[in-house]
Amino acid sequence: MLESGQQLAHFKIIKKLGAGGMGEVYLAEDTNLKRKVALKLLLSEYFEDKERKERFQREARTAAQISHPNVMSIFDIGTAPEPGTGREMNYIVMEYVDGLSLSQYIAQNGCEMGEIIFLAEHIAAGLAAAHKINVVHRDIKMSNILVDDSNQPKILDFGLAKPVAPVQMEGDSETTDTISQELTKAGKIVGTVSYMSPEQIKGEPVDSRCDIFAFGILLYRMATGDSPFESDTNVSTMAKILESQPESPRIKNNQVPPELERIIRKCLQKKPDDRYQDTRDLVVDLRNLRRQYDSGLSSDISALHGVQTVEIEKPKKSGPSIKAIIAYGVIGIIALVLLLDFFEGDGSKSKSSGLYADENALAILGFENKTGDSELDWLQTGLPEILQTDLAQSNALTIISRDRVVESIDGASKSGTGFQHEECIKAANNLGAKHALSGTFYKLGDKIRIDSRLEELSTGKIISTVKVVGSDPFVLVDSLTTKLATALGINADASSSDVAKITSSNPEAYKKYIEGLQVFNIGMYDASVDVFKEAIALDSTFALPYMRIGMARVFTGKNTEGAQWFAQAMQYADRLPIRERNLLDVYSDLWLSPNFDNAFTKMETLVKNYPDDAEMRTLYALMVSLFRQDSTAAYAHFDTVLQTSPRNLFCLAQYIDMRLKYEQYDLAEEAAEKLLKYYPQSPSPYALLSRIAFATKDMDRAIEMLEKQYEVYDRSSEPLFDIYEAYINKRDFEKAEIYAEKVLQKSPNDPFELGRYYNLKSALALWNGQFKQSLKFEFRALDQFLIIGDSNLVAGKYNSISNLYDRIGETDSSLYYADKGYEWSTLFSKLDYPFKLIDRDRTLIDTARVLLNHIIEEFKIRLPEEFWPMADGLLDAFEGEASGDTLAMIDAFMKVYNVNPQNNKGILRSNAYLQARIGQYDAAIKVLDNYRTDPTTSTSGYTTGMSLYYLGISYEGIGDTKKAIESYQKMLEFWGHPDIEIEAIADAKKRLANLTS
C-alpha cells in the first residue's frame with residue numbers, strides 16, 4: 001500500500017481512493033503533465049502472477065480503445081519500482097473523475113424521473129461505445145459509475161480483469177464474499193452477484209448482452225431504489241435471477257413511465273436472445289423516452305397544475321354500477337380509432353417510385369442473370385433497385401421504376417422467369433418513358449460484369465451499351481450511373497451519388513434487404529422481419545430495413561414495437577434515399593409523436609412532389625378518407641394509381657378495404673379476385689376474400705378462404721384467429737375452442753400470441769356467462785402483455801379488466817384497474833378516464849374536467865380540424881354525465897359518431913342501451929334487433945348478452961311480449977348458468993318469469 005507523498009515513476013501519490021478486484025486506486029499528480037490522475041496498481045499478491053499481469057495489461061490496452069465522454073479514459077500503462085521494496089509494479093493511468101458514485105448522487109440529489117432517464121441514456125451510450133469494439137464490462141453496478149460535477153455519468157473499470165474465484169455482493173462497502181468452488185466452476189463466474197446475468201451465474205460464455213442485463217438491474221435500482229433480485233444470501237440471489245420475475249417497478253414507484261418499465265423488462269429477460277441485441281438500440285429507446293419526457297408528453301394526472309392526485313384503492317367488493325355498465329363502453333370505442341383502423345386489412349406495401357413521365361423519363365427494366373449462380377438471383381431485383389435509388393437522388397432524370405412497369409401490365413402473359421421484354425417495353429412506352437434501361441449480368445471469376453443497354457422507345461434504337469466490371473455492386477452501379485448520364489447528355493455529377501452512403505456499404509446486407517423486401521411486398525410481414533434483421537446484423541447503420549420492420553410491425557398490430565423501429569431508423573435517416581427519408585418523416589408523425597395533422601400536411605406535400613408514386617398516393621388516399629372524411633376523393637386517388645399500376649398490391653388491398661367499409665361488396669369481390677389472379681402466392685387476397693365473406697355473412701366461404709390463406713403462409717397465426725371468429729359467428733363454440741388451442745400450439749412461447757390466446761379463452765368464457773373465469777384469463781393475458789411492455793396492449797388489458805369488474809358489480813376493483821390502465825395509456829386512450837373518475841367520486845367533477853380539457857387540447861393539436869367535433873362531442877358528453885342528463889349524453893355521443901360513422905358503429909349500440917333505459921324503445925329496437933335475428937351481428941358474448949337484455953326491455957316497453965320473451969330467452973341460453981349472477985341476468989330472469997307466468 002502506498003502512502004500520501006510517495007513517488008511512483010513520475011506520479012506523486014495524494015491519497016488512496018479505493019480498491020477493486022485486482023488493484024488499488026490512488027489519486028495522484030502526474031508531475032510531467034501537472035494534472036490529477038487516477039492511478040490503478042496491481043495488488044501485491046499478484047506481482048509474481050504472470051498470467052494476472054498479462055491480463056491486467058491486455059485488458060487495459062483494450063479498454064483504452066474506448067473513446068466516449070461517458071467512459072473513464074485510460075491514458076497510459078506501465079511499470080515502475082515499488083517504493084521501499086524495488087519490486088516492479090504494474091500500473092494503469094486513468095482519468096480522474098471528481099464526483100459521487102451513482103448511488104450517492106441519487107441519494108443526495110433526490111433525482112426526478114427525467115434526470116434518471118438522462119443518466120441512464122448516457123450510461124447506456126458509454127456501454128454502446130465499448131460494445132462496438134467488443135469490450136464487455138462484466139461488472140456494471142452503482143459503485144462502478146461516478147457522476148462528475150457537470151452531472152455527466154462516467155463508467156469506471158471498463159473491461160478490466162476481475163478476480164476469478166471471489167464474487168461480490170454489493171452493499172455499503174465493496175467487501176468480497178467468496179462463494180463455493182462448486183458454483184465458480186474453475187473461475188468462470190466473474191462479477192457482483194446482485195448484478196449478474198443468468199449466463200454468468202451458469203458459467204456460460206458471455207457477450208455484451210450480460211452487460212445489458214446488469215444495466216437493467218442498475219436501471220431498476222435507479223428508478224425504484226430497490227434491487228429486483230437481491231436476497232439474504234448469494235445463493236438465493238442467484239436463484240432469483242435464474243428463476244423469478246422482478247416485481248413491476250411501477251408498483252414500487254408510480255412515477256416510472258410505462259416505456260421505462262418496458263425497457264427495464266426487456267433488459268432483464270432471462271434468455272440473452274430476448275434482450276436488446278445491440279446496445280445502440282437500448283440507447284435509442286432511452287433517448288426517445290428522454291425526449292418525450294422532456295417535451296412533457298409523459299405527464300400524467302398528478303403533473304397537471306391544480307389537479308389533485310387520485311389515490312389508488314385496494315380492490316374490494318362493492319355494489320353494482322349500472323350507469324358504468326352502460327356508459328364505459330362508449331368512450332373506449334373512440335380511443336385511438338385512427339391508428340387501430342389505419343392499416344386494417346392484409347394489404348401489403350408495394351415498393352414503388354417515379355414521377356410523372358416527361359421527356360427525360362427513364363424506365364428501369366429487368367436485368368437477367370446469366371451467371372448460372374442462383375445465389376446471384378437477388379441482383380435481378382437488386383440492380384434495378386440500386387440504380388433507381390442512385391438515379392433518383394437528382395432531378396436530372398425522371399425515373400419509372402421496374403415495379404411500376406410490371407404493375408402496369410394488366411392481364412399480360414408471363415414468361416418462365418417474369419414478364420417478357422416486349423411487354424415491359426410496351427408498358428414503359430404507355431407510361432410515357434422516353435428511354436428504357438435493361439441488361440444482363442455475368443460472373444467472371446470473383447467479379448461481376450453488367451451489360452446494360454439504353455433504348456429509345458419511340459424508335460427502338462439502342463443509343464448506348466454500357467459494360468462495367470467489378471466485385472462491389474454499389475461501385476458498379478455508381479459507375480454505370482455516371483456512364484448512363486453521359487449517354488443521356490446529363491451532368492454526371494448532378495445525376496450520381498455514392499449509393500453506399502444512402503443505403504449500406506455492405507453488399508450482403510443489401511442483398512438481405514432485397515430478399516426481405518420481396519416477402520414484405522406480398523404481405524408476409526413476420527417472415528420479412530427475420531430477413532431484415534439479418535441485414536441489420538450485417539450493417540447496424542442500414543436505415544432501410546429498420547424502417548421496413550417498423551412498417552411490418554404496425555401492419556400486424558404491434559404498434560409500440562413498430563414505433564421503436566421507426567425511432568431507430570430515424571437515428572440513421574441521413575443514410576436513407578430522399579424518398580424514403582420523406583416517408584419515414586410521415587411514419588414518425590403517425591406512430592412516434594403521434595401528430596396526425598403534421599403527417600397529413602407532409603403527405604399532401606409529398607404527393608405534389610411525387611405525383612406518380614403509388615405508395616405515397618395510396619397512403620394519401622387513406623389519409624384523405626380518414627382525416628378529411630372524403631371517400632370520393634380517396635377513390636379518385638386509388639383510381640389514379642390503378643390506372644397506371646393495376647397490379648399494385650398495396651393500392652388494390654386498400655381499395656378493397658374501403659369498398660368493404662362502405663358495404664360495396666360486389667366491387668370489393670371483383671377487385672379481390674384480380675388480386676388473387678396477380679398474387680396467388682400472397683396471403684393478402686385470401687384474407688380480403690375472407691373479410692368479404694364475413695361481411696356477406698357467408699361463414700363457410702370465410703373459413704375456406706382462411707384455410708387457403710394459412711396454407712399459403714402458415715407463419716402468421718391471423719387465419720387461426722379469424723377461423724375462431726367464424727365459428728363463433730356460427731355459434732359452434734367447440735370448433736372455436738379447437739382453433740383457440742391451435743393458436744397456443746403454434747406459438748406456445750410468444751408473449752404476444754399467448755396474450756391473444758388468453759383473450760380468446762376469456763371471450764369464450766363470457767359466451768357461457770363465466771365472468772370470473774373470464775377474469776382469470778384476462779389477468780393471464782395481462783401478464784403476457786406486460787412481458788412485451790406494449791403500452792397500448794397493457795393499457796387496453798387493464799381497461800378490459802376494469803370493465804369486467806364493473807360488470808360483476810365490483811366497482812372499487814373496477815376503478816383500481818382503471819387507474820392502472822390510465823398509467824399505461826397514451827394520450828388519446830386516456831379519454832375515458834375522466835368519465836370513470838366522476839363516477840367514482842362526484843366531488844372530483846372539477847378535477848376530471850380539467851384533466852379532460854388538457855387531453856382534448858392535445859387532441860386538437862395533433863389531429864386535423866375535421867376531428868375537432870369529436871373532441872367537442874366528448875366534452876358535451878362529459879357535461880351530460882356530470883349533470884346526470886342522459887339525453888344530453890346521447891346527443892353528444894351522436895356528434896362523435898357522425899364524425900367517423902364507419903369506425904364508431906359501437907356508439908350506436910351503447911346509445912341504444914341508454915335509450916332503452918329512458919324509454920326510447922323504438923330507437924333502441926332499431927339498433928339492437930339484429931342481435932335477436934342474426935348471430936353474426938357480434939362475436940362478443942358480453943355484447944350479445946347485454947344487447948339482448950336491453951332489446952327485451954325495449955320490446956317489453958312497447959308491449960311486444962313475444963319478442964321480449966324471445967330476447968330474454970336467447971340471452972339466458974348463453975348466460976343461464978353463470979359463475980356469478982350479474983344484475984342484468986337477475987333482472988332478465990325476473991322479467992321473463994313475469995312475462996311467462
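Residues numbered from 1 in each chain as written. Predicted model: local features only at pLDDT ≥ 70, side-chain atom pairs only at ≥ 80, totals over all residues. Heavy atoms only, no water.

K.L.:
What's the story with the overall build of the protein in this structure? I'm lost.
P.N.:
The number of helices and strands found in the protein is 45 helices and 16 strands. Looking at the protein as a whole, 58% of its 997 residues are labelled buried. Once local pairs closer than 6 in sequence are excluded, the contacts in the protein between residues at least 24 apart make up 63%. When the accessible surface of the protein is totalled, it reaches about 39,500 Å², and 46% of it is carbon and sulfur. (Helix = DSSP H or I, 4+ residues; strand = E, 2+ residues; numbered from the N terminus. Buried < 20%, exposed > 50% of the residue type's maximum accessible area, 1.4 Å probe, protein only. Contact = heavy atoms within 4.5 Å. Areas by Shrake-Rupley, 256 points an atom, 1.4 Å probe, with all protein chains shown as cover.)

K.L.:
Help me out: how do you make sense of the sheet that holds strand 6 (residues 88-95) in this one?
P.N.:
Strands sit in the order 1-2-3-4-6-5 across an open sheet of six strands; the sheet is antiparallel. A strand with exactly one partner marks an edge of an open sheet, and here the two such strands are strand 1 (7-8) and strand 5 (74-81). In this structure, strand 2 (residues 11-19) lies alongside strand 3 (residues 23-30), joined through seven bridges in antiparallel fashion. Looking at strand 3, one finds that Phe11 is bridged to Asp30. (Pairing = 2+ DSSP bridges.)

K.L.:
What should I look at first to understand the confidence of the model for the protein in this one?
P.N.:
Atomic detail in the predicted coordinates should be set aside for any region of low pLDDT. The predicted model of the protein averages 81 in pLDDT, with 85% of residues at 70 or higher. Confidence drops under pLDDT 50 across residues 296-357; counting only partners more than four residues distant or on other chains, this segment forms 211 contacts. Across residues 412-417, confidence stays below pLDDT 50; counting only partners more than four residues off in sequence or on other chains, it has eight contacts. (pLDDT = per-residue confidence, 0-100.)

K.L.:
How do you make sense of the pairing of strand 4 (residues 35-42) when you look at a structure like this?
P.N.:
Among the eight residues that make up strand 4, six are buried, leaving the element largely enclosed by the rest of the structure. As defined by bridge partners, strand 3 adjoins strand 4 across eight bridges and the pair is classed as antiparallel. Paired with Asp30 across the two strands is Arg35, which belongs to strand 4. Hairpin remark: strand 3 followed by strand 4, antiparallel, with four residues in the connecting loop; positive phi at Lys34, about 55°. Examined bridge by bridge, strand 4 and strand 6 share five bridges and lie antiparallel to one another. Residue pairing across strands places Val37 opposite Glu95, the latter belonging to strand 6.

K.L.:
What exactly am I supposed to notice about the packing of helix 28 (residues 684-695) against helix 29 (residues 699-712) here?
P.N.:
Packed helices, taken two at a time, are described by the angle between their axes plus the distance between the axes. Interaxial distance between helix 28 and helix 29 falls to 8 Å at its minimum, and their mutual angle equals 165°. In terms of their interaxial angle, helix 28 and helix 29 are classed as roughly antiparallel. Here helix 28 and helix 29 pass one another in a crossing that is left-handed. Taking contact as the criterion, the partners of Tyr686, Ala687, Leu689, Ser690, Ala693 and Phe694 in helix 28 are, on helix 29, Met699, Arg701, Ala702, Met705, Leu706, Lys708, Gln709 and Val712. Per-class residue counts for the contact of helix 28 with helix 29 are ten nonpolar, two polar and two charged. (Axes fitted to C-alpha atoms, helices over the stretch in contact; angles between N-to-C directions. Parallel < 35°, antiparallel > 145°, perpendicular 65-115°, else oblique. Left-handed = near helix turned anticlockwise from the far one by under 90°. Nonpolar A, V, L, I, M, F, W, Y, C, P; charged D, E, K, R; others polar.)

K.L.:
Mind showing me how you'd approach the environment of Glu261 here?
P.N.:
Structurally, Glu261 is set in helix 9 (residues 258-267). Owing to a relative accessible area of 0%, Glu261 belongs among the buried residues under this scheme. When the C-alpha positions of Glu261 and Arg250 are compared, they lie 7.1 Å apart, and in sequence the two are eleven residues distant.

K.L.:
When you look at unusual backbone geometry in this model, what are you seeing that I'm missing?
P.N.:
Backbone geometry follows two general trends: most residues other than glycine have a negative phi, and most peptide bonds adopt the trans configuration. At Ala9, a residue that is not glycine, the phi angle is positive and equals roughly 55°. With respect to the element layout, Ala9 can be found in the loop between strand 1 and strand 2. For Ala9, a relative accessible area of 39% corresponds to the partly exposed category. The backbone of Lys697 shows a phi angle near 65°, a positive value even though the residue is not glycine. Tracing the backbone through its elements, the reader meets Lys697 in the loop between helix 28 and helix 29.

K.L.:
Explain the side chain of Ser101 here, please?
P.N.:
As for its placement among the helices and strands, Ser101 is situated in strand 7 (residues 99-101). Polar contacts involving the side chain of Ser101 include one to the side chain of Ser103, which spans 3.2 Å. Not counting the four nearest positions on each side in its chain, Ser101 is found in contact with Met142, Ile145 and Leu146. (Polar contact = N/O pair within 3.5 Å; in protein donor to acceptor, adjacent residues only side chain to side chain.)

K.L.:
Before we go on, may I ask you to explain the packing of aromatic side chains in this structure?
P.N.:
How two aromatic rings sit relative to each other is given by the distance of their centres and the angle of their planes. In the structure shown here, the tally under the stated rule is 37 aromatic pairs. Ring geometry for Tyr678 against Tyr679: centres 6.5 Å apart, planes inclined by 85°, an arrangement best described as edge-to-face. Comparing Tyr678 with Tyr679, the two get one shared label, buried. On the basis of an interplanar angle of 85° and a centroid distance of 5.8 Å, the ring pair of Phe835 and Phe878 is categorised as edge-to-face. One end of the pair, Phe835, is in helix 36 (residues 833-840); the other, Phe878, is in helix 38 (residues 868-883), with 43 residues separating them in the sequence. (Phe/Tyr/Trp six-rings, centres within 6.5 Å; stacked < 30°, edge-to-face > 60°.)

K.L.:
Teacher, can you tell me more about the nonpolar core here?
P.N.:
Across soluble globular proteins, you tend to see nonpolar side chains buried next to one another. Core analysis: the largest hydrophobic core is formed by 131 residues, its most contacted members being Ile450, Tyr513, Tyr587, Leu590, Met603 and Ile656. By size, the runner-up hydrophobic cluster in this structure holds 68 residues, among which are Leu760, Phe777, Met971 and Leu972. (Core = buried A, V, L, I, M, F, W, Y, C linked by side-chain atoms within 4.5 Å.)

K.L.:
Whenever I open this one, the pairing of strand 5 confuses me. Can you help?
P.N.:
A regular strand places its side chains so that they alternate between the two faces of the sheet. Here strand 5 runs beside strand 6; their pairing, made up of seven bridges, is antiparallel. Looking at the pairing, Asp76 lines up with Val93 of strand 6. Joining the antiparallel neighbours strand 5 and strand 6 is a turn of six residues, in which Gly84 adopts a positive phi near 100°.

K.L.:
Would you take a moment to explain the packing of helix 3 (residues 113-132) against helix 6 (residues 208-224) for this structure?
P.N.:
Closest axis-to-axis distance for the helix 3/helix 6 pair is 11 Å, and the angle between their directions is 165°. In terms of axis orientation, helix 3 runs roughly antiparallel to helix 6. Along this stretch, helix 3 crosses helix 6, giving a crossing that reads as right-handed. Contact residues: Met113, Ile116, Leu119, Ala120, Ile123, Ala124, Leu127 and His131 in helix 3; Ser208, Asp211, Phe215, Leu218, Leu219, Met222 and Ala223 in helix 6.

K.L.:
I tried to follow the pattern of salt bridges on my own but got confused; where do I start?
P.N.:
Counted by the stated rule, this structure contains 52 salt bridges. The partner of Arg262 in a salt bridge is Asp285, and the shortest N-O contact between them spans 2.8 Å. Of this pair, Arg262 sits in helix 9 while Asp285 sits in helix 10 (residues 279-295), and the two are 23 residues apart along the sequence. The exposure class assigned to Arg262 is buried, which follows from its relative accessible area of 3%. Among the salt bridges present, the one from Arg579 reaches Glu580, with a minimum N-O distance of 3.0 Å. Accessibility classification places Arg579 together with Glu580 in one group, the buried group. Each of Arg548, Arg579, Glu580, Asp613 and Glu615 takes part in a single network of salt bridges with overlapping partners. (Salt bridge = Lys/Arg side-chain N within 4 Å of Asp/Glu carboxyl O.)

K.L.:
Hey, could you run me through the sheet that holds strand 7 in this one?
P.N.:
Pairing between the strands of a sheet is mediated by backbone hydrogen bonds and can be parallel or antiparallel. Within the open sheet, the three strands sit side by side as 7-8-9. Their pairing is antiparallel. Looking at strand neighbours, the two that pair on one side only are strand 7 and strand 9 (153-155), the edges of this open sheet. Between one strand axis and the next, the sheet turns by 30° as a mean value, whatever way the strands run. Looking at chain direction, strand 7 and strand 8 (residues 145-148) are connected through three bridges and run antiparallel. What sits directly across from Leu100, in strand 8, is Val147.

K.L.:
Mind showing me how you'd approach helix 40 (residues 905-917) here?
P.N.:
Since there are 3.6 residues in each turn of an α-helix, residues three or four apart along the chain are aligned in direction. Of all the residues in helix 40, the buried ones are Gly906, Ile907, Ser910, Asn911, Ala912, Tyr913, Leu914, Gln915 and Ala916. Positive phi shows up at Gly919, right after helix 40, with a value of about 90°.

K.L.:
Looking at this structure, how should I read the environment of Tyr931?
P.N.:
For Tyr931, the position within the fold is in helix 42 (residues 930-933). Exposure remark for Tyr931: the relative accessible area of 11% places this residue in the buried category. As for Tyr931 and Leu951, which are separated by 20 residues in sequence, their C-alpha atoms are 8.4 Å apart. Setting aside residues no more than four positions away along its own chain, Tyr931 makes contact with Arg909, Thr937, Ser938, Thr943, Thr944, Ser947 and Leu948.

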